[in-house]
Amino acid sequence: MNILNGISLGVVVALLPSALVGQLMQAMQENFAVAAQIIMMTNFAMSLLPAIAAFCVGMQFKLNPIQSSAVAIAAMIGSGVMTSKNGQFILQGTGDIINTGITIALAVGLALVLGNKFKNYTILLLPLLVIVFAGGAGLLMLPSVRLIATSIGAMITHVTSLQPLLMGTLMGISFAVLIVSPISSVGIATAIGLAGISSGTANLGITAGSFMLAVYGSSVNNFGTTVAHFIGSPKIQMGNMLRKPRLFFPLAINAGMMGLLGALFEIKGTPMSAGFGFSGLIGPLTAYRQMPATLLNLTVICLLFVVLPVILAYVSRYLFVDRLKWIKPQDLLLEI
């Protein structure tokens, strides 16, 4: 749980800046000179995901600065985000999230085992051992883990093309559950290379869950916290969801319905857009780019990513909160 929570925090810190302004800056860069610099900065932050995730995991385990630094370096090595070409190091993408998690686990375990056994030589030996053994092990496992992850993604994409309605429904439900769990939806989507209708329906499922949770808790949460569910991430409700598992039932219904509609309308996405949902407008803008640029398609995107999820959220609240009394608004209270 410490590792999952740390990686989730790292994903939010490293990827959310690009999610919030990346699409806007790309649209503005022809007329706004600073936009290209902002894109560069947020992309750089994305490539630092392994180090940031490792740092967050280190805080969860209360590692000291020497241990945390060594774990962060090992994570960067094991993630595959860094390659060497002509004597230069190149950062690209976010690395393999699954292998990053495995490398972090190995590095943290080794750092905890070694502890302060080397006394005054700890600062000399501990980083070396963690980087070489944990980072090296991650580097050795990277090709196999990456192959498994991409194979899973390819299999999901293939099955979705054969059974789009069923798989669209399942993808919507799965990612709506993932987004409010300790596991990173963006990390999973990126790791397995989720693309096409699988990616689009996953985003619609997350969007449905985001608006539902925002509407359910709107009477007890302030405006900023309510908006944060879909502008930011519904993962802020993770604690409440785990304490009140019955919340997953209406979440699954709404997400499944939107996933089904997404498959019907062939809403698509990319591995880098899947898992964000409505956050930063990544889901809807990417889906729109996958379609011919027409007014009709723009209307469809607005209906699927805003209008219908909001309507479903209010219908769901009326049924489960007002009529059946299964859920109370206080179940969604966030004291932030």
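Residues numbered from 1 in each chain as written. Predicted model: local features only at pLDDT ≥ 70, side-chain atom pairs only at ≥ 80, totals over all residues. Heavy atoms only, no water.

Trainee: Is there a simple way to think about the packing of aromatic side chains in this case?
Mentor: Each pair of aromatic rings is reported with the distance of its centres and the angle of its planes. The final tally for this structure, using the stated rule, is six aromatic pairs. Ring geometry for Phe211 against Phe230: centres 4.6 Å apart, planes inclined by 20°, an arrangement best described as stacked. Taken together, the residues span a long stretch of sequence, with Phe211 in helix 9 (residues 197-216) and Phe230 in helix 10 (residues 223-231) at a distance of 19 residues. Per residue, the accessibility class of Phe211 equals that of Phe230, and both read buried. (Phe/Tyr/Trp six-rings, centres within 6.5 Å; stacked < 30°, edge-to-face > 60°. Helix = DSSP H or I, 4+ residues; strand = E, 2+ residues; numbered from the N terminus. Buried < 20%, exposed > 50% of the residue type's maximum accessible area, 1.4 Å probe, protein only.)

Trainee: Even after reading the chapter, I still don't get the domain arrangement of the protein chain, so can you show me in this structure?
Mentor: Size of an interface: often given as the accessible area lost when the parts come together. Annotation of the protein chain at the domain level lists domain 1 (1-146) and domain 2 (162-335). For domain 1 versus domain 2, the distance between C-alpha centres works out to 28 Å. (Domains from an automatic or database assignment.)

Trainee: Where do I start with the packing of helix 9 against helix 12 (residues 248-264) in this structure?
Mentor: In helix packing, the relevant descriptors are the interaxial angle and the interaxial distance, both defined with respect to the helix axes. Helix 12 packs onto helix 9 with a crossing angle of 145° between their chain directions and a minimal axis gap of 8 Å. Seen along the crossing, helix 9 lies across helix 12 with a hand that is right-handed. Judged by residue contacts, Ile197, Thr201, Leu204, Gly205, Ala208, Gly209, Met212, Leu213 and Tyr216 of helix 9 engage Pro250, Leu251, Asn254, Ala255, Met258, Gly259, Gly262 and Ala263 from helix 12. Per-class residue counts for the contact of helix 9 with helix 12 are eleven nonpolar, six polar and no charged. (Axes fitted to C-alpha atoms, helices over the stretch in contact; angles between N-to-C directions. Left-handed = near helix turned anticlockwise from the far one by under 90°. Contact = heavy atoms within 4.5 Å. Nonpolar A, V, L, I, M, F, W, Y, C, P; charged D, E, K, R; others polar.)

Trainee: How should I be thinking about the pairing of strand 1 (residues 82-85) in this particular structure?
Mentor: Moving residue by residue along a regular strand, the side chains alternate between the two faces of the sheet. Across four bridges, the pairing between strand 1 and strand 2 (residues 88-91) is antiparallel. Following the sheet pairing, Ser84 is matched in strand 2 by Phe89. The turn joining strand 1 and strand 2, which pair antiparallel and follow one another in sequence, is formed by two residues; a positive phi near 55° is taken by Asn86. (Pairing = 2+ DSSP bridges.)

Trainee: Help me understand the pattern of salt bridges in this model?
Mentor: Where side chains of opposite charge bring their charged atoms close, a pairing between them can arise. Applying the stated criterion across every chain, the model contains two salt bridges. We note a salt bridge from Asp331 to Lys244, for which the minimum N-O separation is 3.8 Å. With a gap of 87 residues between them, Asp331 in the segment after helix 14 (295-323) and Lys244 in the loop between helix 11 (238-243) and helix 12 connect regions that are remote in the sequence. The partner of Asp331 in a salt bridge is Arg246, and the shortest N-O contact between them spans 3.4 Å. (Salt bridge = Lys/Arg side-chain N within 4 Å of Asp/Glu carboxyl O.)

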